[in-house]
Every structure is written in structure tokens, then in C-alpha cells.
Amino acid sequence: MSVCFFLGALSSLLAWWSVRLSLITGHLAALAGAMAGLSVSLGILLGNSANKLSLPLPSFFPFARQSLVVDGLSAYFLLVISIVAIAATVYGPAYLQAHSPEAGPARRATQVLALNVFLACMVLLCCAGDALTFILCWEGMTLSSYALVVSDDQDGENARAGLLYMIMTHAGTAMLLVSFLALTERAGAFDFASIRMAANGLDGTTRSVLFFLALVGFATKAGVVPLHVWLPRAHPAAPSHVSALMSGVMLKVAIYGILRFGFDLLAPVAEPLPPAWGWTVLILGTSSAVLGVLYALQQHDLKRLLAFHSVENIGIILIGVGLAMILWRREDAGGSLATLALTAALLHTVNHAAFKGLLFLGAGSVLCRTHVRNMEELGGLARHMPWTAGLFLLGAVAISALPPLNGFVSEWLTFQAILGGASRFHGPSGLAIVFSAAMLALTGGLAAACFVKAFGVTFLGRPRTSHAEHAIEAPLSMLLGMGWLAALCVFLGVAPGFAMTLLDAPTIGLLHSLGASAIVTAHGPLVLSTALATPGGISGTTISMTMLAILIAALLPLAWMLRRGLRTAPQRVAPTWTCGMVPTARFDYTATAFAKPLRRIFAAIYRPRREVIRETAGTPYVIRRMQYTGDVVDLAETQIYHRIHYGITAISQAIRDHSTGRIHVYIGFVLGALFLSLLLFGGGQR
Amino acid sequence: MTGDKPLGIVLIEMCILVILGPLVTGIIQKIKARLQNRQGAGILQPYFDLIKLLGKGTVQADTASGFFRSIPVLVLATTVAAGALVPVVQSGPPAFPLGDALMLLGLLALARFLTAVGALDAGGAFGGMGASREMTIAPLVEPVLMMVVFSTALAVGSTELGILAEQRGTSWILAWRAADFLGLAAMLVLLPAETGRIPVDNPDTHLELTMLHEGMLLEHSGPGLGCMLLASHTRQIVTLGLAAALFFPIGPVGAGVTGLLLGLCTFALKILVLAVYLALIESSYAKLRLFQVPQYLGIGFVLALMSLALRIL
């Protein structure tokens, strides 16, 4: 598998000979790698649940033995990566050609090389069996995705986004590194098995400190509020199929890290996890979900809107993870709630990968045909790009958590887990859990509103500019890439029971209790069910997505017959009525106008700013020209980052005021600092 | 939890809902007319309207894309499918599981999503305005409705409407606790919002200042409009059915045809009570300004939250 990625990376060298050839071979090699990853992960997930694949790596470093270990959790995330990678590599060549045909061999080579390195690093990261490989791949993933973010730079905007991305993720990586080094130092070795052993001897405080350090590191990468500010800038800047990978997969790698640390490496042997862990994750998840979707609503840049939705969906996944952490080993024997919550989180992981990948690819098709990302300049694309529009609509329904598609299934499971959790915990904690359910419902509704806006303004109505007017349908290979993900969305929505067996290995591996399919598909693969232990005995809920889909499919022809009418009557096409004026594109509702009521209702969070400049002719009643500007602020950005920024600026200003420019004073400072640190920290070594 | 309600009865219940849907609208209109000292149209008028529309030709906006024609079909099918999830004549879960209260809310949300998408298709400002407002109110209603469902579901441990209705059938108002009353109050606050009636929306007008849902239907015509209207009627009765299943007992559950008929009568009675409630509210209040609706829904939110808190604490 890694051979394929290596070949793909090599093929970037071909770019100096033929750009096109390098593009195609590079992506083909990555596709082959993804296929290999898919087969490996399916082999492990469908096999015996205790199945593990371990593979020692040749040692590059004298101090550490490196290895790859693929257990259930690794294989599951490998599967998620492979699924999106297949779509992205099928989609990629045609997209890059269509989007930037003028790119020279150097840029193409960088893109192909970075894509292959990026995929290889993500795959190896999930399979890493030791801390060193994990950290190396983590860093490789960051660097290669940075290269991809800045590869498409025209106006310096992307370079700035890339810089912010680098700074934020490296700050996170530093936290992660501290956590890892503390563990490896205790274990005396790098492999996870020794770390696990060493973690057994930790006391509660150290354990929690290490977990929270790692959590900050992973949360930065996952784009959890308030560490998300890099995400909506960096993701849209990359080429669209890379955006799909970054949003659909790279964030999931951080989720993998949280699960690996929380349930595996740092988990106490037979006790529940410290309550602070789960509650922190739950609160972070809830706030990410709500704030992510609220900010997404006010975006007019299609790809940026999607990036904010990634923040939201990571939040939904973290709600499931947090619930699982809270409930794990806290229920009575035979309890199934932790498994249910973890199943919901893992299922939402693959679901989000599928529909977010699909939506980013759809946005990419729009971008490469119109070269416009601002929705206000699009419109009417559904008539020129019907297939792209249809696939985008499918993705929009899926991400809004509407039945019968996959987003609904995982949110349903999350709701059921929340309901179970609330009946398990009485008192304020139960109420907090239910409150997160209400927030989740709010998130779903707002996501639907946001995607009505995104789809309606981009694809429907009249074209607002000539870019949108002259768009043509995307080439077949791009549609194929989207079609694969759309098929997955439908499959995971209509027959989710069949996917539950894939979740067995990770849930059993992490929680050491019942597997997902034993709980959720206890009544056969066509039925999803939950069993809750309540004071009045065991009860539960069962639904069948398959039956519902059949019902809707059966109702469609009946409704179509009604739609045809009782008798054949004339059908006319006429212009839309616009109060007697000639209809133009300016009558169409804009994205800003669409989101305006919600902007007013949630003004406390948005802090909207608007500025209207009127140019009047003599009297205030005759307006010649009017200019409106308005925007909303990101609360995290203004309240946290700008303050930090001002603080740092103020301190550096103060230092500058007192700096004399004499070199021996500086040397004195350095020596003093060295002396002080030796005095403070050197004591332990004696 | 699989029960013993055969699939046939589920389908019959679905048909009953679709058939009775326009009647509920007709009754509400009649009561409103009487309260306004008017004679009013007959209660069967919505049926005549539907038949008239289904026989008419269509005028389609020239800017509308291919999606536009299929929107009424999709909306009607999803709304009717939601009707299959409401227990009507017999409580208890169906023999083959179909969906629960969350699924019902999801299907109604899907219908709303598609309607709003269709409204943006024609490219007129009215459609966009309607869609924008509807999608503003809906995300605020949904969480509260979800909390009301949860408040009832927590006592039973299931979100399946059949089980919830069955549970309610065995414990009528004497056995109610404070949480149930608060939940019912929240539901009554939400009902006008979810069925698109005053004080949240005004179903009788196409005036741009007041409309939400109607604005989205402006560009539909002929059979397409008929489908959309039928979907609205069905949506209304489904929402009332949800409230009935959550808070009213299903009545005597007898075997055989008489039992089913009795069930049907009690269902009709419950829906009638709720319909009268809607008509009274609509006749005695003015429509709220759009930006006051969140405060109004806030009442529902607080009630639902208190209901949940009492249930959990």
C-alpha cells in the first residue's frame, strides 16, 4: 500500500517530462494505494474481531523500534481514509487540469508529491504502532497539507491562511509532543504496548494532565471551537479534492487520536475514565456543533461555508465520543449505552467523510467551471450542471441530518444515546446531557437552513454573473468521484445495518464490551434498535431505514400521478411574476438576505456590523447610489485571539522600549535565564 | 421493540390521515368563520379546491430548473410517509418497525427543506423571502419539539410513538405528573408554529409582510400546487396526531373491526379538540412580528426545559 503512495510520489518527478502524465500516474498510484487500504481494512474489520496485523518497520533510528499495528480502530479509520481517497484521486486530475490549466511542471509536481505524501502519512498515522511513527506521520501530514494549501496561491491570501494553519497546528503538536514524551520517558520505549503498560502506573492527576495536553493537540487539528480559526481559512484554500480530504479525513485522524489516547493508551485498567474527560469533550463538542453551524450560516464563500460545517460535524462526533467517555464502565453490567454512543460517533465519522467529501467535490466542480467561490456571484447553475447540482443536493440533504440519508442515522443514534444517558444520570448532569440534545436538534435545523441557502443561491434562480451563465457540466471522471460518495451516502442511509458489522471491531477493541452490531442490529440488519434500561424495565426504540425508504419509493409514483393531474391540461412557461417589472437576477434572494433573520435573532453571538453609505441627490428622498457592507465576527477570534494578539504586541512593544541595543546585556539575559532554569529544574537529576 | 400491529393497519392509518387532512383544515376554517360572524365555506371546501387544482393546467416559471417539477412529488411523498408513523386507530408498535418520533420530525423537516429549495428555484423575491423565514423559524421550533418528545420519552424509555401512545392509554390525566402538564403546555405553544398558523404564520394570506409558508408556494400552480396543498393538510394532521399520541390516550383498544372503528372515532375526537384549539387561538390573537416569534417560541422552550428538568431531577 505504501509502495503505491511511494510510486505516486515518484511519479511527480515525471512532471518535468510531461505534466499530464505525471498528474494521471500520480493520482492512479494514490488510487491504487487507497484501494489497497480499503481491502486491508475490510479484511481486518470483517474478520475475527481480535484480528490484528502488525508489521515491524525497518529501523531508521537507533533509539526506537518502529512498527505498524492495525487493530480494529486503526482499520476503521483506514477505511474512512480510503473511501474519501478513492473519490478524491478519481476526481483530482480532471479538476486540476480544469481549474488551473496554466500551472507549470513545478507546481504540478508539488501538488502530486504532496498529495501522495499526505495520503501516505494519514494512512501510516492510523496504523502507527509506536509514538515515533505517530508523531512523524502527524508532522508529515501537516507539512504536506500545508504545501497543498499554498500550492494554489494567487494573491497571497492562501499563503496567509497556510501560515496561520502552520502556527496553530504546530502549537497543538507541541502539546501533543509533551504528552507523548512524558509517556515514552516513563515507558522507556516508543511502542504503544509499553506506553500502555507505563500508563497503568500513573496517578490520576498526571493521567488527566497528559490527556488534556493531547486533547488540546488533537482539538487544534480537528478544528474544535475555540481552536478552529485556522480551519475555515486553510480548507477552502487547498484544491477542492484536497479540501475534501482535509475536511473529510484529516480531521478524523484527530478524532482517531482522541479515541486512541482516551480509550486505549491512557485509560485506567478496569475503572471508568475520569469524569472531567468526558464532560470536557461533550461540552467542546456541543459548542463546536452550534457555533460551527451558526458561523457557517453567515458565510457566502461556498467552500468556507463547508469548512465551517466541518467544525459543526466534528462537534457532533465529539458529542458521541464524550457521551461514550462519560458512560463507559459507569453503567450496570450488560449496559449498552457507551457502545451506542461510540457507534454513533464512529458512524458519523464515516458519514461525514462521505457527505462532506461529496459537497467539497461538488463545490470544486462549481469552482473549476466558474472560478468563483462567492455564492452571490453564482446562481442558476442547476440548468447548466444538472448532475453536479443533483449530487450536491443529495449531499446537502445528507448533511442536514434528514432521512432517508446517512446523516440522519448517526444523529438518530446520538439522540438515542443521549436519551439513554439522560435516563441513566439523574440530576444536573442528566439535564446537561439533554441540553446537548436540544443543541444538537438546533444544529440540525440550522444546517438545513444553511444548505437551503447554499444550494438555492448557488444552483437555483437566475445566473447573477456571466461566470455562472457560461458554466458547463463537469467532466465524467469528476462526476464519478462524486457519484461514488453519493452512492455511499445512500447506502449508509438506506441500509445502515449492513455497515454495523464493520463497527464491531473498533467498538469491541476500545470498550471491551458488546460490539455495535450486537446492540444496534440485534433484530437483523434491516432494523436499527436500541435497548434502554429504565426504571420500568427494558424498553427501546426500533426503526428501519430500509422500510422507510421502500415506503417513500412506493409513494413517489402515486404522488407523481397526482402531480400529472386528473386530466391533460395545457402547460405554459412564463416569466416569474415580479410585481410588473422585468425580472432580472437582482430579484433573486441573495445569501445575505436569506440569512438575515437568523443574523438578527442570534445577534448576541454574531455581533453583526453594518454600514450603509447613501449618496443622495439634493434631498434625502432621492438616492443615487447606495453601498452596503456588513459582516459578522467570529467570537473566538475577537474575544480570544485578538486579545492574545494585543497582549503579545503590548509586551513586545514594552520590551522594545527597554531594549538598549547593547549585545553584552542580551548575553547577560541569556546567561541569567540559563542559570535560573538550571537552578529550578536541575535539582531532580542529582 | 416489535409489536403486533400488522403492516396493513399502518398503511390504512396512513390513508386515513391523508384523507382526513383537508377536512381538519375545513373544520378550522369553518370555526374561524363562525367566530368572525361569517357563514364561511363548507367544511368540505378544501377537497373541492384540491380537485379543482388537480384538473387545471400549469404555468411554470421560465427560470425554474428541472428540480422544480419534482418538488411537489417529493414533498407529498415524504409528508405522507411521515403519516405512516403516527398511531391512529391502534396503539402499540407495528409488527415491522418503521420509524419513531425523531424520524417523523426528520421527515417533516425533509419536506420543509425541499419546499424551501423549490421556493428559491423560481427566482422571485417572494419565494426567497418565504424560504428564508420558514428556515429561520423551523430551526427554533425543532429543538423545542424534540425536547417535548424527550420529556415524554424519558418516562417510557422509547421514542417510538406507538409505545408512547400505549403508555399514555394506561395512565390518563389522574396519573399525570407536573412534567406532563408542562410538556403539554409546551406542545400547545408549538402547535401553531408547526402547523403554520397565527400567531406565527398566517395561512390565509399571500401578503408579503405576514406570510411564511404560503410565500414558498407562490410559483407552484395547477396539480403541483394541489400536491403542495395536500402535503400541507397532511402535515397539519400529522403534527396534531403527534401531539395526540404524546399526550392523549388512544382510547379503548379492541380487537377486530369494532375496536378499530372505536379507535378511529377517538382519534377523530382528539384531532377535533386540537383543531378547535387551533381555530380559537387563530381567532383570538394577532400575528406576531417575525422577530417576536423567537420570544414566543422561548416560552415553549422554557416550558419544555422545565418539563424535562422535572422528569430528570
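Values in this document were obtained by computation on a predicted structure and should not be read as measured data. (Residues numbered from 1 in each chain as written. Chains lettered and ligands numbered in written order. Predicted model: local features only at pLDDT ≥ 70, side-chain atom pairs only at ≥ 80, totals over all residues. Heavy atoms only, no water.)

## With respect to the overall build of chain B
And then number 1: When its secondary structure is counted, chain B shows eleven helices and one strand.
And then number 2: Along its sequence from the N terminus, chain B presents helices and strands in the succession α-α-β-α-α-α-α-α-α-α-α-α.
And then number 3: Compactness check: chain B gives a C-alpha radius of gyration of 19 Å against a globular reference of 20 Å for 313 residues, within 12% of the reference.
And then number 4: When its C-alpha atoms are laid out on the principal axes, chain B stretches across 55 × 45 × 40 Å.
And then number 5: Within chain B, the fraction of its 313 residues that count as buried is 66%. (Helix = DSSP H or I, 4+ residues; strand = E, 2+ residues; numbered from the N terminus. Rg over C-alpha atoms; globule rule 2.2 N^0.38 Å. Buried < 20%, exposed > 50% of the residue type's maximum accessible area, 1.4 Å probe, protein only.)

## Focus: the layout of surface pockets
And then number 1: Within this model, the largest pocket holds a volume of roughly 1,300 Å³.
And then number 2: Gln298, His300, Glu376, Thr592 and Gly630 of chain A are, among the 45 residues lining the largest pocket, the residues nearest its centre.
And then number 3: Elements with a contribution of two residues or more to the lining of the largest pocket: helix H6 (157-187), helix H9 (231-237), helix H12 (302-327), helix H23 (591-601), strand S6 (609-617), strand S7 (619-631) and helix H25 (635-658) of chain A together with helix H5 (125-156) of chain B.
And then number 4: Considering every element that reaches the lining of the largest pocket, the biggest residue donor is H23 of chain A, with five residues.
And then number 5: Here the residues of the lining of the largest pocket sort into 17 nonpolar, ten polar and 18 charged. (1 Å grid on protein atoms, 1.4 Å probe; cavity = no way out; pocket = protein on both sides within 12 Å on 5 of 7 lines; lining within 4 Å. Points joined across faces, edges and corners; volume = space filled by probe spheres on them. Nonpolar A, V, L, I, M, F, W, Y, C, P; charged D, E, K, R; others polar.)

## Some points on the pairing of S7 of chain A
All names here are of chain A.
And then number 1: The sheet contact formed by S6 and S7 spans nine bridges and is antiparallel. Pairing of Arg609 across the sheet is with Asp631, part of S7.
And then number 2: Hairpin connection of S6 to S7: one residue between the antiparallel strands, including Gly618 at a positive phi of 75°. (Pairing = 2+ DSSP bridges.)

## Some words on the interface of chain A and chain B
And then number 1: Tallying the contact residues gives 85 residues for chain A and 86 residues for chain B.
And then number 2: Of the roughly 7,400 Å² buried where chain A meets chain B, counting both sides, 75% is carbon and sulfur surface.
And then number 3: A per-residue breakdown of the area chain A buries against chain B is headed by Leu419, Arg563 and Tyr589 of chain A, which together make up 9% of the total.
And then number 4: Where chain A touches chain B, the interface holds zero salt bridges.
And then number 5: The leading source of residues in the side of chain A that touches chain B is helix H17 (residues 428-459) of chain A, at 17 residues.
And then number 6: Each residue belonging to the side of chain A that touches chain B can be placed in one class, and the counts come to 58 nonpolar, 19 polar and eight charged. (Contact = heavy atoms within 4.5 Å. Buried area = accessible area lost by both parts, 1.4 Å probe. Salt bridge = Lys/Arg side-chain N within 4 Å of Asp/Glu carboxyl O.)

## Describing the packing of aromatic side chains
All names here are of chain A.
And then number 1: Applying the stated rule across the entire model yields 23 aromatic pairs over all chains.
And then number 2: Consider the rings of Tyr91 and Tyr95, whose centres lie 5.6 Å apart with planes at 25°: the pair is stacked. Note that Tyr91 and Tyr95 are positioned in helix H3 (residues 72-99) at a spacing of four residues, about one turn of the helix. For the pair Tyr91 and Tyr95, a shared accessibility class is recorded, and that class is buried.
And then number 3: Plain terms: the ring middles of Trp138 and Phe218 are 5.4 Å apart, the flat faces sit at 85° to each other, and that makes the pair edge-to-face. Here Trp138 is found in helix H5 (residues 131-150), whereas its partner Phe218 is found in helix H8 (residues 204-222), with 80 residues between them in sequence.
And then number 4: Here Trp138 falls in the buried class, since its relative accessible area comes to 1%.
And then number 5: The structure contains a cluster of three or more aromatic residues connected by ring pairs, namely Phe134, Trp138, Phe180, Phe192, Phe218 and Phe261. (Phe/Tyr/Trp six-rings, centres within 6.5 Å; stacked < 30°, edge-to-face > 60°.)

## Quick word on the confidence of the model for chain A
Low-pLDDT portions of the prediction should not be read for the details of their coordinates.
And then number 1: Per-residue confidence for chain A averages 87 on the pLDDT scale, and 94% of its residues sit at or above 70.
And then number 2: Element-level pLDDT for chain A is lowest in helix H1 (residues 2-11) of chain A, with a mean of 59, against a maximum mean of 95 in helix H15 (residues 386-399) of chain A. (pLDDT = per-residue confidence, 0-100.)

## As for the pattern of salt bridges
Close approach of charged atoms allows side chains of opposite charge to pair.
Residue and element names in this part refer to chain B.
And then number 1: Summed over all chains, the structure comprises 18 salt bridges over all chains.
And then number 2: One salt bridge in this structure joins Arg112 and Glu142, with 3.2 Å as the shortest N-O distance. Pair noted here: Arg112 is in helix H4 (residues 101-121) and Glu142 is in helix H5, with a separation of 30 residues, a long-range link.
And then number 3: Owing to a relative accessible area of 7%, Arg112 belongs among the buried residues under this scheme.
And then number 4: A residue is classified by how much of its surface remains accessible, and Glu142, at 15% relative accessible area, is buried.
And then number 5: The salt bridge involving Arg235 is made with Glu194; its shortest N-O contact spans 3.3 Å. A residue pair is termed long-range when its members are at least 10 positions apart, and Arg235 in helix H9 (residues 222-247) and Glu194 in helix H7 (residues 178-194) qualify at 41 residues. Of the two residues, Arg235 and Glu194, neither departs from the other in class, the shared state being buried.

## Re the nonpolar core
Within soluble globular proteins, side chains that are nonpolar tend to cluster in buried spots.
And then number 1: Within the largest apolar cluster, 330 residues are counted, with the highest numbers of intra-cluster contacts made by Phe134, Leu259, Phe263 and Val321 of chain A together with Phe113 of chain B.
And then number 2: Broken down by element, this core gets its largest block of residues, 21 residues, from helix H13 (residues 337-370) of chain A.
And then number 3: Ignoring sequence-local partners within four residues, the contact set of Val321 of chain A consists of Ile258, Leu259, Phe263, Val281 and Ala345 of chain A. (Core = buried A, V, L, I, M, F, W, Y, C linked by side-chain atoms within 4.5 Å.)

## What about unusual backbone geometry?
And then number 1: Note that the residue after Val225 of chain A, namely Pro226 of chain A, is joined by a cis bond; omega there is 5°.
And then number 2: With respect to the helices and strands, Pro226 of chain A occurs in the loop between H8 and H9.
And then number 3: Here the residue pair Ile198 of chain B and Pro199 of chain B is connected by a cis peptide bond, since its omega of 15° sits within 30 degrees of zero.
And then number 4: On the secondary structure map, Pro199 of chain B appears in the loop between H7 and helix H8 (213-217).
And then number 5: With a phi close to 60°, Ala401 of chain A is a non-glycine residue in the positive phi region.

## A look at the environment of Leu635 of chain A
Residues and elements named next belong to chain A.
And then number 1: Relative to the elements of secondary structure, Leu635 occurs in helix H25.
And then number 2: Under the relative-accessibility criterion, Leu635 is labelled partly exposed at 23%.
And then number 3: Separated by 340 residues in sequence, Leu635 and Tyr295 place their C-alpha atoms 9.5 Å apart.
And then number 4: Contacts of Leu635, omitting those with residues within four sequence positions, involve Tyr295, Ile605, Arg607 and Ile640.

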